[in-house]
Amino acid sequence: MPDLHMQDIDGGWWMLDAFDRKLPMEAMVIAQAATQVAQRYRVVDRSEIYDGFRLRNAVDLLRYAGHTVPLGDRVRLLAALDENGSLPFADCLRVLRETQPVAALASLILQGLVEVELDDALIGPETMVRRIRA
């Protein structure tokens, strides 16, 4: 059984296996089964998982997954982003007063209320934060 099942932006379905230590012994069987149900299969290369900044940033953010952001902080940050369009991470931290600023901002990113670029660099003071419109 593949590790992941996903849909790409063109609507195509994929079965993906994340790189382990070796190629799944049943890779050809899985690939044939995927074709039979109009899907594609591939083994994700180790470099796609471990190279770059995305995984490191995700690990940093996930540390704060259980953090609750008080209403006042959420409203203040979203209002500041509405007013300015986007703000550097460090400036967003100054708006948050009721709780731990980094934890609150990370939680809002994980909740999908604001976004940062995860692939360009490690999240830092200059990382731009943008509001996500629902």
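This text gives an overview of the structure that appears in the document. Only a predicted model underlies this, so the values are computations on that prediction, with no experimental measurement involved.

How each quantity is defined
- Residues numbered from 1 in each chain as written.
- Predicted model: local features only at pLDDT ≥ 70, side-chain atom pairs only at ≥ 80, totals over all residues.
- Heavy atoms only, no water.
- Helix = DSSP H or I, 4+ residues; strand = E, 2+ residues; numbered from the N terminus.
- Rg over C-alpha atoms; globule rule 2.2 N^0.38 Å.
- Buried < 20%, exposed > 50% of the residue type's maximum accessible area, 1.4 Å probe, protein only.
- Contact = heavy atoms within 4.5 Å.
- Areas by Shrake-Rupley, 256 points an atom, 1.4 Å probe, with all protein chains shown as cover.
- Pairing = 2+ DSSP bridges.
- Axes fitted to C-alpha atoms, helices over the stretch in contact; angles between N-to-C directions.
- Patch = residues over 30% accessible without salt bridge, like charges linked within 9 Å, V, L, I, M, F, W, Y side chains within 5 Å.
- Salt bridge = Lys/Arg side-chain N within 4 Å of Asp/Glu carboxyl O.
- Core = buried A, V, L, I, M, F, W, Y, C linked by side-chain atoms within 4.5 Å.

On to the overall build of the protein chain. Broken down by element type, the protein chain carries six helices and six strands. When the helices and strands of the protein chain are listed from N to C terminus, the series reads β-β-α-β-α-α-α-β-α-α-β-β. Radius of gyration (C-alpha) of the protein chain: 19 Å, far over the 14 Å computed for a compact globule of 134 residues. Dimensions of the protein chain along its principal axes, counting C-alpha atoms only, are 55 × 30 × 25 Å. Across the 134 residues that make up the protein chain, the buried fraction comes to 31%. When contacts within the protein chain are restricted to residue pairs at least 6 apart in sequence, those whose partners lie at least 24 apart make up 57%. Per element, the accessible surface of the protein chain, about 8900 Å² overall, is 55% carbon and sulfur.

We now examine the sheet that holds strand β1 (residues 4–7). Pairing is mixed in the open sheet, where three strands are placed in the order β1-β2-β3. Only two strands of the sheet have a single partner each, and these edge strands are β1 and β3 (40–44). Between one strand axis and the next, the sheet turns through 30 degrees on average, direction left out of account. Sheet topology note: the strand β2 (residues 13–18)/β3 ladder contains five bridges and is parallel. Each bridged residue has a counterpart across the sheet, and for Met 15 the counterpart in β3 is Tyr 41.

Along helix α6 (residues 101–110), seven of the ten residues are buried, which leaves the element largely enclosed by surrounding structure. Every buried residue of α6 is listed here: Ala 103, Ala 104, Leu 105, Ala 106, Ser 107, Leu 108 and Ile 109. Packing partners of the buried residues in α6 comprise α3 (54–62), α4 (71–84), α5 (89–95), β5 (114–115) and β6 (128–131).

Let's shift gears to the sheet that holds β5. The sheet built from three strands is open, its strands ordered β4-β6-β5 with antiparallel pairing. The open sheet has two edge strands with one neighbour each: β4 (86–88) and β5. Two elements, β5 and β6, share two bridges in a ladder whose sense is antiparallel. Considered in β6, the bridge of Val 114 is made with Arg 131.

Taken together, the side chains of Tyr 50, Leu 55 and Val 59 define a hydrophobic patch exposed on the protein surface, amounting to about 280 Å² of accessible area. With respect to the helices, strands and loops of the structure, Val 59 is situated in helix α3. Look at Val 59 and you get exposed, because its relative accessible area is 52%.

Mapped onto the elements, Ala 90 comes out in helix α5. Sequence separation between Ala 90 and Leu 16 is 74 residues; the distance between their C-alpha atoms is 37 Å.

Ranked by internal contacts, the top residues of the largest apolar core, which has 22 residues, are Leu 77, Leu 81, Cys 92, Leu 105, Ile 109, Val 114 and Val 129. Looking at this core, the elements with two or more residues in it are α4, α5 and α6. With six residues, α6 is the largest single contributor of residues to this core. Excluding residues within four positions of it along the chain, Ile 109 makes contact with Leu 61, Phe 89, Val 114 and Val 116. Listed in part, the five residues of the second largest apolar core include Ala 27, Ile 30, Ala 34 and Tyr 41.

Shape descriptors only; they carry no functional weight alone.
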